[in-house]
Amino acid sequence: MKKLILLFVLIAPFGFSQELKWNTTPLNVKTSIRGMSVVDDSVAWVSGSGGYVGKTTNGGHDWNLKQITGFEKLEFRSLFAFSSTSAIVANAGSPGYILLTEDGGLNWREVYKNENKDAFFDGIDFWNDKEGMIYGDPIQKKMLLLRTHDGGLHWEEISGSPLLEEGEASFAASGTGIRCLKNKKIVIATGGKVSRLWISNDKGSSWNTIPSPMIQGESSTGIFSVSFWDEKKASIVGGDYLKDSLSIDHNFYSLDGGKHWLKPMVPTRGYRECVEYITEKVMIATGPGGTDISHDGGIKWKPLSDEKSFHVVRKGRKGSLILLAGNSKIAVLK
């Protein structure tokens, strides 16, 4: 049975108040959803543990989830969907697989496999329908970094991938530690004992770093998600997943592309695994402990929902559909 919660928030870019409906749909399968890709107001895909991948073609009203045959034990935490028929998933763990479907999920093709014991994919994003990147935890201290030029049919390892510090890796909590931006730019967030942003302006051929004020120093700490509205406005969330109510140095915003990070006047209510821009001013951040919203670009946050066990929030690349997903459930915000 669907649970309907009515919330009043400022969601429009001009600041008028309208009613936002939070509609949660429990799923009939046991899976922790971490991967999500919202194509438009109708089409979205999700992926998670137990080898499950699913999609909707009617804006989240109905969902069809199924396990990928032969991969039922994998956690598909990285996902990118091009359309209702074409999508890519990758798992967190070794061996590391990248799978592609071109028939709406009926059949999946293995397009990459990494058998290194340290293989672990954390996120995937694309600049367009052909060019994209996927990244993962370090192998021999170098970030696992792959690039495609043909929509995911073939992947090449980037020889000049970043050299990470001891204890520096990333989190596959929501698949949003990577963002492909305009003008060949890409941003990747790391966490753990060292947490920072890696920036490339040439689609991954060369890199520089930006330090972050995010809590770090332990394997459970750091940036879990990064989001950009444009070249200047950005937000990072995270914290310590072992102390999810800790509200110290766990979310920040920037007005200059990450060169300087500002602490909110009122932060989110603790550890958050995903942050997403809805409009230039409106952002939503979610995590196992609840969901928060900011109406002023991250300066002040307030509770949006106390519902637990959500991991990811995404807005459609086209249109206005907003979805959240977590432990065997998906919510639609309208």
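Residues numbered from 1 in each chain as written. Predicted model: local features only at pLDDT ≥ 70, side-chain atom pairs only at ≥ 80, totals over all residues. Heavy atoms only, no water.

A. Molecular detail of the environment of Ser84. On the secondary structure map, Ser84 appears in the loop between strand 7 (78-81) and strand 8 (87-90). Along the backbone, Ser84 and Val43 are 41 residues apart, and their C-alpha atoms lie at a distance of 6.0 Å. What Ser84 contacts, discounting residues up to four positions off in sequence, is Val43, Trp45, Lys55, Thr57 and Gly104. (Helix = DSSP H or I, 4+ residues; strand = E, 2+ residues; numbered from the N terminus. Contact = heavy atoms within 4.5 Å.)

B. Structural view of the sheet that holds strand 13 (residues 142-148). Sheet architecture is open: four strands sit in the order 11-12-13-14, paired in antiparallel fashion. One side of each edge strand has no neighbouring strand; the edge strands of this open sheet are strand 11 (121-126) and strand 14 (156-157). With five bridges connecting them, strand 11 and strand 12 (residues 132-139) associate as antiparallel partners. Across the sheet, the residue bridging to Ile124 is Ile134, located in strand 12. (Pairing = 2+ DSSP bridges.)

C. Structural detail: the pattern of salt bridges. For the structure on display, the rule yields 18 salt bridges. Between Lys263 and Asp249 there is a salt bridge, with the nearest N and O atoms lying 3.1 Å from each other. Separated by 14 residues along the polypeptide, Lys263 in the loop between strand 23 (251-254) and strand 24 (274-277) and Asp249 in the loop between strand 22 (234-240) and strand 23 bring together distant segments of the chain. Taking the shortest distance from any N to any O, the salt bridge between Asp306 and Arg269 comes out at 2.5 Å. Taken as a pair, Asp306 in the loop between strand 27 (301-305) and strand 28 (310-315) and Arg269 in the loop between strand 23 and strand 24 lie far apart in primary sequence, 37 residues in all. Of the residues examined, Arg269 reaches a relative accessible area of 30% and is grouped as partly exposed. (Salt bridge = Lys/Arg side-chain N within 4 Å of Asp/Glu carboxyl O. Buried < 20%, exposed > 50% of the residue type's maximum accessible area, 1.4 Å probe, protein only.)

D. Molecular detail of the environment of Ser47. With respect to the element layout, Ser47 can be found in strand 4 (residues 44-48). When the C-alpha positions of Ser47 and Ser212 are compared, they lie 29 Å apart, and in sequence the two are 165 residues distant. Beyond its immediate chain neighbours, meaning those up to four positions away, Ser47 contacts Ser32, Ile33, Arg34, Gly35, Tyr52, Val53, Phe76, Ser78, Leu79 and Val89.

E. A look at the side chain of Ser37. Locating Ser37 in the fold gives a position in strand 3 (residues 33-38). Residue classification places Ser37 among the buried positions, given a relative accessible area of 4%. Side chain to side chain, Ser37 and Arg317 meet in a polar contact 3.3 Å long. With sequence-adjacent residues up to four places away left out, Ser37 is seen in contact with Ala44, Trp45, Leu79, Phe80, Ala81 and Arg317. (Polar contact = N/O pair within 3.5 Å; in protein donor to acceptor, adjacent residues only side chain to side chain.)

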